[in-house]
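# Structural features, examined
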Amino acid sequence: MAPARVCIDGEWHDLEKFGRFHPGGSKILVDYNGLDATAAFYALHSKEAIRQLKKRPSDSKDAAIDPAPADKALRDLAVKLEKDGWFERSVFHEARLLLLIVAMLVVGTYIATAHPVIASILIGVAMQQAGWLGHDMDHARNSPYNTFMVRLVSGWINGFDRSWWSDKHNAHHVLTNHVSLDPDIHNQPFLFLWAPPAALDHHFRRYQHIYFLPLYAFLYVSWRTQSIQWAWAKRDFKTLAFTILPSYLYLGLCLPLAVAISSVLIGGLLVALVVTLSHESEEMMFDREPSYAAMQFNGTRDIICPDPITEYLFGGMQYQLEHHIFPFMPRYKNAQMTKVIKEFSAANGLKYKASGLVDMFMTHWKTLRRNALAASKEYEKSYELRARM
């Protein structure tokens, strides 16, 4: 493993040997080598993990790296919000969300033969909402029942491996829109969000603003495939058998083939539209942004949904900045957090960004079109760094 020496709360920790035991993977530690990781650490870790770190002695007497002023202010705000109960979760609220998902799955399965189109939509929406709920549960680091339920919601319904998801998603959260480091913005060779080097370019790039929507429908197919590959590579046969396999038994034994395939494609498309609009037309950071807070504000934009249907479909993730700033907070509190985030941005010289759904879709299309027509480059240093991914 490469060096992984990070500064947290003013103390240096050499985590190179710990990397292979780190639940979030070793790569994220390497990517913070030599940097202050205080804000990133508190954004993703449970109270137990924080207690364990505080018991660990510093590995160096070297001068500490002072966090950015906005990051200090963000940490103070997080402490206040936790005392005020913002991060507390409601079992009944989450049970209500889960019951609606299960209801759509049951009805869709029941009518799958007689009404395949309606069934595909119902099951696809259920899979999308299970994705949001599982994502929210995965972030609930201090909730044992969420830790248990995420394997059922994400695994049994969508066929996702939680370990794979955490490794990928954590990097996205603390390295948002960093070229070569954020896995969510690297969609080459299918889609390019900046002009590629000639070695990675291909003829079809010029049409990416035309074929992107059908491609987005395969998001869940990709995530399912990566989950299987991850578990197999780690010889995690328990996860393969008891978390991932039930999803395929449901698709294969309970649904007509056309409905099974259509449902997965619909669920993937609905999720892709949310996660791409919030980040992919925002600033791409080729140089490292040292401030966690500035990174989130620069690389994220909230989506203003025009009606209750899209408000439900977007699952609280339309408030993407609120979620990125406070990942622990239940998504059903994100809307109430917008006012607080706006006040925080004004007080700390950061720009809060939000746009309507139609405007954001058109901006995203223009981003893809602009990079479809941009001339390729002979060499890009960021791609050398990307080899580490």
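Residues numbered from 1 in each chain as written. Predicted model: local features only at pLDDT ≥ 70, side-chain atom pairs only at ≥ 80, totals over all residues. Heavy atoms only, no water.

### As for the overall build of the chain
Within the chain, the regular secondary structure consists of 18 helices and 4 strands. In summary, the chain has a C-alpha radius of gyration of 21 Å against a globular reference of 21 Å for 389 residues, a match within 12%. In terms of overall dimensions, the chain has C-alpha extents of about 70 × 50 × 45 Å along its principal axes. The buried share of the chain, taken over its 389 residues, is 51%. (Helix = DSSP H or I, 4+ residues; strand = E, 2+ residues; numbered from the N terminus. Rg over C-alpha atoms; globule rule 2.2 N^0.38 Å. Buried < 20%, exposed > 50% of the residue type's maximum accessible area, 1.4 Å probe, protein only.)

### Here's the deal with the pairing of strand E1 (residues 5-8)
Judged from the 4 bridges that link them, E1 and strand E2 (residues 11-14) form a sheet pairing that is antiparallel. Each residue of the ladder has a partner; that of Cys7, found in E2, is Trp12. In this structure, the hairpin formed by E1 and E2 is closed by a connection of 2 residues, where Asp9 is found at a positive phi of approximately 55°. (Pairing = 2+ DSSP bridges.)

### Brief notes about the environment of Asn348
With respect to the helices, strands and loops of the structure, Asn348 is situated in the loop between helix H16 (334-347) and strand E4 (354-356). It is 21 Å that separates the C-alpha atoms of Asn348 and His279, two residues lying 69 residues apart in sequence. Ignoring anything within four residues of it in the chain, the contact list for Asn348 reads Pro69, Ala70 and Ala73. A distance of 2.9 Å separates a polar side-chain atom of Asn348 from the backbone oxygen of Phe344. (Contact = heavy atoms within 4.5 Å. Polar contact = N/O pair within 3.5 Å; in protein donor to acceptor, adjacent residues only side chain to side chain.)

### Things to note about the packing of aromatic side chains
A complete count under the given rule lists 14 aromatic pairs for this structure. Joined through ring pairs, the aromatic side chains of Phe160, Trp164, Trp165, Tyr220 and Trp223 make up one cluster. Over the ring of Trp12 we find Arg5; its NZ or CZ atom is 4.4 Å from the centre of that ring. Just above the ring of Phe192 sits the side chain of Arg205; from NZ or CZ to the centre is 5.9 Å. (Phe/Tyr/Trp six-rings, centres within 6.5 Å; stacked < 30°, edge-to-face > 60°. Lys NZ or Arg CZ within 6 Å of the ring centre and 35° of its normal.)

### What about helix H11 (residues 237-254)?
In a regular helix each residue adds 1.5 Å, so 18 residues correspond to 26 Å; H11 covers 24 Å between its end C-alpha atoms and thus fits that length. Leu245 marks where H11 bends most, by close to 50°; the proline Pro246 follows one to four residues later. Within H11 the residues assigned to the buried category are Thr239, Leu240, Thr243, Ile244, Ser247, Tyr250 and Leu251. Each element contacted by the buried residues of H11 is listed here: helix H5 (91-110), helix H6 (116-139), helix H7 (144-158), helix H10 (219-233) and helix H12 (257-279). (Expected span 1.5 Å × (residues − 1). Bend = angle between axes of the 7 residues up to and from the residue.)

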